[in-house]
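Observations on the model geometry
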Amino acid sequence: MIETLGIVGYGQFGAFLQKVAERFVPGIRVRIFSRRAEPDDDRFFSLDEVCQSDVVIIASSIGQFAATLEAVVPRLGNRSVLVDVATVKLHTAELLKAQAARSGRPLRYIATHPMFGPHSYSKIGQSLQGLSIVLTDHSLEPAVYDDVKAALNSIGLVVLEMSADQHDRALAETLFLTHYIGQVVTHGDFLRTEIDTLSFGFLMDAVESVRQDGDLFRDVFRFNPHCRAVVERFEAAEARVARMLETFDADD
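In this report, the structure presented in the accompanying data block is examined. Being a predicted model, the structure only gives us computed values, none of them experimental.

1. A word on the layout of surface pockets
- Volume-wise, the largest pocket comes out at about 1,400 Å³.
- Lining the largest pocket are 45 residues, with Q12, F13, T87, D213 and L216 positioned closest to its centre.
- If one sorts the elements of the lining of the largest pocket by residue count, helix α9 (residues 198-210) sits on top with five residues.
- Partitioned by chemical class, the residues of the lining of the largest pocket number 20 nonpolar, 17 polar and eight charged.
- Space inside the second largest pocket adds up to approximately 930 Å³.
- What lines the second largest pocket is a set of 33 residues, among which I2, V55, V148, A151 and L152 lie closest to the centre.
- Within the residue set of the lining of the second largest pocket, elements represented by two or more residues are α1 (12-24), β3 (55-58), β4 (81-84), β5 (109-114), β6 (132-138) and α6 (142-154).
- Considering only residue class, the lining of the second largest pocket consists of 27 nonpolar, two polar and four charged.

See the structure below:
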């Protein structure tokens, strides 16, 4: 029975996790640690107290994950389950395994990636129904792992299980590519018009869902080894399309 949830990091996604937890897990006691907020024993608590929660989620940026993990692990309760929700999984999984090996005591953790955020949650009427969450590496007992999957299913989420490498490879060709195109469109100052087609509207919806996530975009590129190949493929394809247009022009 989970009675307490600790969230380490209170940026946009940390605040979103608090909102979702309090709505879909009634009665749970949420404790938040934020470097920007003084403990008030109501919403915000010391890192020591947060890490004693039944479940502890690291909601820091990917770039800060290693340092946050180092600070959290020594403070965890004996039965606490540590949850990683970072957008990349190879990087964090390696850090979790290394930390478990040198912590000197069993470390119960699970590496996940919720394939949604505040924008998509609001877009479908503040529902989790049908949204996906990926589970990769973990060190949980089989019964506990099964309980985790059942709990996620019970609130409407679709659970996908795959390796960290499978996740990062697929993510590079989907979410990262969306971010990449979104940044190109944004930096090109392409805007909505009065004569937008439906397809252009869909494109701009995608752009607007990611255009503010510049830090995440850079972190995913930095820590997902498959992203560089996607950029190279995109640029090569763009060059082929440009040559195709030149051929059309020559035919005229």
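2. Re helix α3 (residues 65-72)
- Among the residues making up α3, those that are buried are F65, T68, L69 and V72. All buried residues of α3 project into a common sector of 100 degrees when viewed along the axis, lining one side.
- Looking at the buried positions of α3, the neighbouring elements they touch are β1 (4-8), α2 (47-50), β3, β4 and α4 (90-102).

3. Here we look at the pairing of strand β7 (residues 158-161)
- Strand direction decides the pairing type here: β6 and β7, joined by four bridges, are parallel. The residue bridging S132 from the neighbouring strand is V158, located in β7.

Cut-offs applied
Residues numbered from 1 in each chain as written. Predicted model: local features only at pLDDT ≥ 70, side-chain atom pairs only at ≥ 80, totals over all residues. Heavy atoms only, no water. 1 Å grid on protein atoms, 1.4 Å probe; cavity = no way out; pocket = protein on both sides within 12 Å on 5 of 7 lines; lining within 4 Å. Points joined across faces, edges and corners; volume = space filled by probe spheres on them. Helix = DSSP H or I, 4+ residues; strand = E, 2+ residues; numbered from the N terminus. Nonpolar A, V, L, I, M, F, W, Y, C, P; charged D, E, K, R; others polar. Buried < 20%, exposed > 50% of the residue type's maximum accessible area, 1.4 Å probe, protein only. Arc of directions from axis to C-beta. Contact = heavy atoms within 4.5 Å. Pairing = 2+ DSSP bridges.

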